[in-house]
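# Breakdown of the fold
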Amino acid sequence: MARVHANKEMPHLFAGLIALGVAGTILFAAGMAVIHLERSTIPSTAPDLFLLKNQGVAFQRAAAHAPNVLPIYGSSELLVPAAPERGNIFFRTAPTGFQLSPVGGGGTTPLIMSQKVAALSSDLRGKELAISLSPGWFFAAKPGWRGYTGNFSLMAASEMAFGTALDFELKRDIASRMLECPSTLEKSPLLEFALRRLASGRLVDRTIFCVLWPLGKAQTALLELQDHRAALNHIRREIKPAPQRHPEVLDWPKLIARVEATKTTDWAKVSKASGLNVQITPGSRDVAFRNGVKASASWADLELLLRTLERVHARPLILSMPIAGDFYDHAGVSRSAREEYYTKLRALVQRYHFAVVEFEEHDEDPAFLIRHQSHLTAKGWAYYDRALDDFFHGRMPRS
């Protein structure tokens with residue numbers, strides 16, 4: 001009797017398995033279709049910088065797979081000014097064969113970038129990309145967390161923690177820094193618990209993390225589905241027509257000469273507006289500046305980013321905006337003290353054998369930056385553009 005009952009249940013079991021298989025196949029096919037759409041529309045989405053692109057992974061991954069797209073990760077300099085020379089605008093029509101794909105937001109830090117790079121993992125293997133650094137990050141012993149909090153991506157953090165691209169030692173070091181800003185993890189107790197296991201470095205905690213890993217992967221997969229759904233909605237509702245490609249031979253000396261003719265900053269007005277109209281003894285603040293540079297936690301974050309880039313086998317160009325030398329001269333910080341930043345940056349990046357351009361020659365060039373901020377003028381962007389063009393085409397980037 002029991003055998004008869006079992007035989008009656010068998011068709012239902014097979015039917016259920018078949019239904020699950022069909023549903024899985026449909027979901028897989030739908031996912032592949034969305035990924036194909038994300039990659040096929042990359043000429044339209046690559047040049048633009050929008051919140052979903054910065055917070056998600058789908059559009060970044062599509063850019064990583066496009067051979068004629070150069071991703072650039074940075075901060076607010078990628079947003080202002082809206083000048084024709086700004087990289088994503090300048091290369092929008094791929095005049096030299098590639099578009100620039102900016103990713104970032106105001107206050108983005110190297111620690112945020114390391115999570116984004118880790119999230120893309122194997123998608124960046126052999127991929128050329130650029131990293132734009134703001135010198136101001138490296139002048140304070142304890143930089144604030146406001147920019148980190150504003151740009152934190154739960155999806156990128158989950159991909160980093162539960163992905164397989166990074167070794168345990170690198171994950172441990174990144175996790176330790178992330179846990180210093182616990183407010184970003186309040187919405188994901190699972191991720192916070194996993195990061196604490198990673199950060200401890202103890203064998204028992206590593207074992208617990210491995211047991212937890214399937215659950216973390218499931219959470220990450222769910223976040224990926226949400227990201228693809230949001231990407232599909234963006235493509236359907238907000239995507240702009242792809243720009244027409246306009247190949248041309250660029251005369252870089254002529255372009256740079258044109259932007260160099262633009263009006264330079266009136267430092268007398270800047271000094272007055274910034275409260276620096278009081279005479280400060282030249283070099284009187286050198287010691288404090290040097291101590292800040294030496295003790296800044298941002299150097300450790302930058303090294304985490306460099307280690308991550310090395311681990312995923314990416315091919316990065318590290319760009320740094322120059323220090324606003326005229327401003328710091330007036331503030332009592334000498335050129336010799338500022339050299340501490342450039343020297344330390346070159347030494348750190350070259351340790352990983354990555355290309356680096358720090359534009360030190362423009363340290364006291366008032367036309368390179370917008371006032372004393374880490375924002376490029378039209379001239380600053382022209383030099384950035386030339387370095388990016390050189391790098392993409394296998395030439396030595398010029399500063």
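Residues numbered from 1 in each chain as written. Predicted model: local features only at pLDDT ≥ 70, side-chain atom pairs only at ≥ 80, totals over all residues. Heavy atoms only, no water.

Below, the discussion takes up the overall build of the chain. A count of helical and extended segments in the chain gives 18 helices and five strands. Looking at the chain alone, contacts between residues at least 24 apart form 81% of all its contacts between residues at least 6 apart. Accessible surface, the chain as shown: approximately 18900 Å² in total, 60% of it carbon and sulfur. (Helix = DSSP H or I, 4+ residues; strand = E, 2+ residues; numbered from the N terminus. Contact = heavy atoms within 4.5 Å. Areas by Shrake-Rupley, 256 points an atom, 1.4 Å probe, with all protein chains shown as cover.)

With respect to topology, five strands assemble into an open sheet ordered β2-β1-β3-β4-β5, the strand pairing being parallel. For this open sheet the edge positions go to β2 (99–104) and β5 (355–357), each flanked by a neighbour on one side alone. Averaged over all neighbouring strand pairs, the angle between strand axes comes to 20 degrees, with direction disregarded. Bridge count for strand β3 (residues 128–133) against strand β4 (residues 315–320) is six bridges, and the pairing is parallel. Each residue of the ladder has a partner; that of Glu128, found in β4, is Arg315. Set on the sheet, helix α15 (residues 298–311) makes contact with β3 and β4; between it and β3 the angle comes to about 180 degrees. (Pairing = 2+ DSSP bridges. Axes fitted to C-alpha atoms, helices over the stretch in contact; angles between N-to-C directions.)

We now examine helix α17 (residues 335–350). Between its first and last C-alpha, α17 extends 22 Å over 16 residues, near the 22 Å set by a 1.5 Å rise per residue. Those residues of α17 lying buried are Ala337, Arg338, Tyr341, Tyr342, Leu345, Leu348 and Val349. One face of α17 carries all of its buried residues, which in axial projection span an arc of 160 degrees. Buried residues in α17 make contact with β3, α14 (286–295), α15, β4, α16 (325–330) and β5. (Expected span 1.5 Å × (residues − 1). Buried < 20%, exposed > 50% of the residue type's maximum accessible area, 1.4 Å probe, protein only. Arc of directions from axis to C-beta.)

So, on to a nonpolar patch on the surface. A surface patch of nonpolar side chains, amounting to about 250 Å² of accessible area, comprises Phe193, Val204 and Ile208. For Phe193, the position within the fold is in helix α10 (residues 189–200). (Patch = residues over 30% accessible without salt bridge, like charges linked within 9 Å, V, L, I, M, F, W, Y side chains within 5 Å. Salt bridge = Lys/Arg side-chain N within 4 Å of Asp/Glu carboxyl O.)

We now examine the environment of Val357. With respect to the helices, strands and loops of the structure, Val357 is situated in strand β5. Since its relative accessible area comes to 5%, Val357 is described here as buried. Along the backbone, Val357 and Ser320 are 37 residues apart, and their C-alpha atoms lie at a distance of 6.4 Å. Aside from chain neighbours lying at most four places away, what touches Val357 is Leu317, Ile318, Leu319, Ser320, Pro397, Arg398 and Ser399.

It is worth spelling out the packing of aromatic side chains at this point. Counted under the stated rule, the structure contains 24 aromatic pairs. With 5.3 Å between their ring centres and 80 degrees between their planes, Trp381 and Tyr384 make a pair best called edge-to-face. Taken as a pair, Trp381 and Tyr384 lie in helix α18 (residues 378–392) at a separation of three residues, close to a single helical turn. Across the pair, exposure class does not vary: Trp381 and Tyr384 are buried alike. (Phe/Tyr/Trp six-rings, centres within 6.5 Å; stacked < 30°, edge-to-face > 60°.)

This part covers the side chain of Arg61. With respect to the helices and strands, the residue Arg61 is situated in helix α4 (residues 58–65). Assessed through its relative accessible area of 18%, Arg61 is described here as buried. Here Asp123 takes part through its side chain, which lies 2.7 Å from a polar atom of the side chain of Arg61. Setting aside residues up to four positions removed in sequence, Arg61 forms contacts with Ala119, Leu120, Asp123, Glu159 and Glu224. (Polar contact = N/O pair within 3.5 Å; in protein donor to acceptor, adjacent residues only side chain to side chain.)

Before going further, it helps to examine the nonpolar core. One recurring pattern in soluble globular proteins: nonpolar side chains tend to sit buried together. One finds Ile131, Leu302, Leu306, Leu309 and Ile318 to be the most contacted residues of the largest nonpolar core, which totals 39 residues. When residues of this core are traced back to their parent elements, those giving at least two are α6 (110–120), β3, α8 (154–162), α14, α15 and α17. Take this core: its biggest share by element is six residues, from α17. Contacts of Ile318, omitting those with residues within four sequence positions, involve Ile131, Leu133, Leu306, Leu309, Val349, Phe354, Ala355, Val356 and Val357. Core analysis: the next-biggest nonpolar cluster, separate from the first, contains 31 residues, Phe90, Trp252, Phe359 and Tyr383 among them. (Core = buried A, V, L, I, M, F, W, Y, C linked by side-chain atoms within 4.5 Å.)

Turning next to the confidence of the model for the chain. Should the pLDDT be low somewhere, the predicted coordinates at that spot are not to be read in detail. Confidence along the chain averages 90 in pLDDT terms, with 88% of residues attaining 70 or more. The low-confidence segment residues 266–274 (pLDDT under 50) makes 16 contacts with residues lying over four places distant or belonging to another chain. (pLDDT = per-residue confidence, 0-100.)

This paragraph deals with α8. Burial runs high along α8: eight of the nine residues are buried. Summarising the contacts, the buried residues of α8 are in contact with α3 (51–55), α4, α6, α9 (168–178), α10 and α11 (203–237).

In this structure the tally under the stated criterion is 28 salt bridges. Its salt-bridge partner being Asp123, residue Arg61 comes within 2.7 Å of it at the nearest N-O pair. Separated by 62 residues along the polypeptide, Arg61 in helix α4 and Asp123 in the loop between α6 and β3 bring together distant segments of the chain. For Arg311, the salt bridge is made with Asp167, and the minimal N-O distance between the two is 3.7 Å. Pair noted here: Arg311 is in helix α15 and Asp167 is in the loop between α8 and α9, with a separation of 144 residues, a long-range link. A relative accessible area of 26% places Asp167 in the partly exposed class. Residues joined in a network through salt bridges with shared partners are Asp329, Arg335, Arg338, Glu339, Arg346, Glu358, Glu360, Asp363 and Glu364.

This part covers unusual backbone geometry. Of note, the amide linkage connecting Val80 to Pro81 takes the cis form, showing an omega dihedral of -5 degrees. By the secondary structure assignment, Pro81 is in the loop between β1 (69–74) and α5 (87–90). In the Ramachandran plot, Phe359 falls in the positive-phi region, its phi being about 55 degrees despite a non-glycine side chain. One can find Phe359 in the loop between β5 and α18.

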